[in-house]
Every structure is written in C-alpha cells, then in structure tokens.
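# A structural walkthrough
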Amino acid sequence: MARLPAEPLSTQLLEDFLALVSSFRDEEEAIAGAVEFAAETLSAEVAALVAEEEVAASVDFSDGRVPVEELVAIARESDEEVQLTDLGPCETMFAPLDEEGSRELFVAHLGPEGFTPDEHDLLRVVARVLSLRLESLSLIKDAAHRAFHDSLTGLANRALFIDRLRHAGARAIRS
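About the thresholds
Residues numbered from 1 in each chain as written. Predicted model: local features only at pLDDT ≥ 70, side-chain atom pairs only at ≥ 80, totals over all residues. Heavy atoms only, no water. Helix = DSSP H or I, 4+ residues; strand = E, 2+ residues; numbered from the N terminus. Buried < 20%, exposed > 50% of the residue type's maximum accessible area, 1.4 Å probe, protein only. Contact = heavy atoms within 4.5 Å. Areas by Shrake-Rupley, 256 points an atom, 1.4 Å probe, with all protein chains shown as cover. Salt bridge = Lys/Arg side-chain N within 4 Å of Asp/Glu carboxyl O. Core = buried A, V, L, I, M, F, W, Y, C linked by side-chain atoms within 4.5 Å.

## Some thoughts on the overall build of the protein
Secondary structure assignment for the protein yields 5 helices and 5 strands. For the protein, the residues scored as buried account for 38% of the 175 residues in total. Across the protein, the fraction of contacts at a sequence separation of at least 24, relative to all contacts at a separation of at least 6, is 49%. Total accessible area computed for the protein in this model is approximately 10,500 Å², and 53% of it derives from carbon and sulfur atoms.

See below:
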C-alpha cells in the first residue's frame with residue numbers, strides 16, 4: 001500500500017471513490033467499502049467507522065487484532081497519537097460523518113511520519129461523500145416503503161400486492 005503522493009489530491013482518486021460509493025446498494029455495504037477505501041488509500045494499519053458506542057465496520061491490517069472496545073475508546077479521545085494494543089504508538093485521524101459527531105471515520109497507522117494535510121483532506125472528503133450516500137440510501141428506502149405501504153396503518157397496500165402478484169406469476173411461468 002503506497003502512501004498518497006506529496007502533490008494535491010488527485011481527481012482520479014476522488015473519481016474512483018465516487019464511482020465506488022455510488023455502486024453501494026445498502027448502508028452496511030457503503031460503510032464497509034468506505035472504511036476499506038480509506039484504510040488502503042491512507043496506508044492505515046487500522047480503519048473503522050465508530051458510531052455512538054459501537055464500531056459499524058473496521059479493517060485491521062495489523063498483525064494483532066485491535067479490540068472493538070479500544071477503537072471506541074480511542075474515537076472518544078481527541079489525542080492524535082495513541083497507544084494501540086499490540087501495535088504501539090499510532091498516529092490517528094478522525095473525520096465526522098455528521099454535524100453531531102455521533103459517527104466518525106477513524107484511521108490509524110504506525111510510523112514516525114504523521115498524516116499529510118492532503119491525507120486529512122481526503123479523509124474529510126471520504127467521510128462527507130459517505131455521509132451523503134448514506135443519506136440518499138435512507139431516502140430511497142423510505143420512498144420505497146411509502147410507495148408500498150399505507151401511510152396511516154403501515155400495512156402493505158395495493159401496489160405491493162400487485163407487485164408481489166407479478167413476481168409470483170413470473171416465477172410460475174419460469175417453472
């Protein structure tokens with residue numbers, strides 16, 4: 001895994017991430033993909049998305065496994081240099097996904113060199129794009145639910161019945 005070049009963020013790198021994040025079809029897949037992208041691009045030993053008091057997704061390239069409780073504790077600290085179990089001193093970087101800071105994208109790597117300003121910028125861009133994608137996935141899910149369920153009772157409506165009937169008919173024809 002190569003570290004980012006000293007030159008400004010490449011548009012190709014950002015285009016690659018935008019293409020990747022737009023291909024995600026659900027929240028879990030989007031979070032896991034963004035965490036992995038951040039870890040690989042930033043040459044991080046550990047990357048995670050910490051939400052409230054739990055880790056939504058994590059990537060660990062270290063020899064030892066970093067406990068989830070430790071990642072949550074680190075996300076609550078503001079220090080940029082921390083001690084990770086089995087890894088030693090690590091440089092860390094955080095980027096919030098929302099304005100409340102209830103979800104944060106976190107990366108850590110070993111070594112004497114810290115993260116560059118471009119790497120800080122990249123993590124903030126990844127977090128913001130991921131936040132927007134999660135929001136759009138939520139809106140799509142809500143719209144689909146409203147299309148097939150009664151707004152007052154929450155029960156399935158005629159559109160869902162007809163949709164399921166068409167699918168059943170298609171399966172019957174195939175078999």
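And the narrative resumes.
## A short note on the pattern of salt bridges
All chains considered together, the criterion is met by 1 salt bridge. A salt bridge links Asp-121 to Arg-124, with the nearest nitrogen and oxygen atoms 2.5 Å apart. With Asp-121 and Arg-124 both in helix H4 (residues 117-148), this residue pair falls 3 residues apart, about one helical turn. Among the residues examined, Asp-121 registers a relative accessible area of 31% and is labelled partly exposed.

## Structural notes on the nonpolar core
In terms of nonpolar packing, the biggest core is built from 32 residues, with Val-35, Leu-49, Leu-105, Val-107 and Leu-123 touching the most fellow members. Among the elements of the structure, helix H1 (11-22), helix H2 (27-41), strand E1 (46-51), strand E2 (54-60), strand E4 (88-96), strand E5 (103-109) and H4 are those that each provide at least two residues to this core. With 8 residues, H4 is the single largest residue contributor to this core. Non-local contacts of Leu-49, meaning those with residues more than four positions away in its chain, are made with Ile-31, Val-35, Glu-54, Val-55, Ala-56, Ala-57, Leu-97, Arg-103, Glu-104, Leu-105 and Leu-130. Membership of the second largest hydrophobic core comes to 6 residues, among which are Val-46, Ala-48, Val-55 and Ala-108.

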